[in-house]
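As a plain string of letters, each chain reads:
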Amino acid sequence: MTCSRRNFLKTSGVLATGGLLAAGASDSRAARLAEDFAVGDFAGRYASLFGDQAVSESELIQLILPEIAEDGAVVPVTISSELDGIERLYLLADKNPTPLVAEFELTPLLALHLTARIKLAESCRVTLVARREGQLLRCSRWVNVMRGGCGSG
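Here is a short report on the structure shown in this document.

Cut-offs applied
Residues numbered from 1 in each chain as written. Predicted model: local features only at pLDDT ≥ 70, side-chain atom pairs only at ≥ 80, totals over all residues. Heavy atoms only, no water. Helix = DSSP H or I, 4+ residues; strand = E, 2+ residues; numbered from the N terminus. Polar contact = N/O pair within 3.5 Å; in protein donor to acceptor, adjacent residues only side chain to side chain. Buried < 20%, exposed > 50% of the residue type's maximum accessible area, 1.4 Å probe, protein only. Phe/Tyr/Trp six-rings, centres within 6.5 Å; stacked < 30°, edge-to-face > 60°.

Locating Arg147 in the fold gives a position in the segment after β9 (135–145). Measuring from C-alpha to C-alpha, the distance between Arg147 and Ala121 comes to 8.1 Å, with 26 residues separating the pair along the chain. Here Asp71 takes part through its side chain, which lies 3.1 Å from a polar atom of the side chain of Arg147.

It is worth spelling out the side chain of Ser58 at this point. Within the element layout of this structure, Ser58 appears in the loop between β1 (55–57) and β2 (61–64). Residue classification places Ser58 among the buried positions, given a relative accessible area of 13%. Within the structure, Ser58 has its side chain in polar contact with the backbone nitrogen of Leu60 (distance 3.0 Å).

Across all of its chains, the model carries 3 aromatic pairs by this definition. Relative to Tyr90, the ring of Phe50 has its centre 5.0 Å away and its plane inclined at 85°; by these criteria the two rings are edge-to-face. Pair noted here: Phe50 is in helix α2 (residues 42–50) and Tyr90 is in strand β5 (residues 86–93), with a separation of 40 residues, a long-range link. Of the residues examined, Phe50 reaches a relative accessible area of 1% and is grouped as buried.

Put into structure tokens, the structure is as follows:
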């Protein structure tokens, strides 16, 4: 195919329009993430994420954390489940300056087994909430932190 001026302008216009639309979506996503990961209290962040939706305690999702973390800056966490259809995970720490520690968006093609390191400011309860087929499932674990990881200790 030869590159005529008309084809070049048409292709450039389509690409520029797509870029502008993607940039607008990126800006709104960045604003949402900045709000979700902002400094605040646990109850407020929890309410803004889940509102008045029912959240059920569940043993079908596993949250593995050490009982004692020597350094709050590098606390290992493992999340796993045999459940299908988990769409999103929220990991929150009730005494962190930024209560939402991590958020994961999943695809149904993945088996859920995540390992990461998180920061904890002090000894606190870490809560995992999984969104699955319109349901919210929760499990929590207490972690004793010897030295805070968020600049507090």
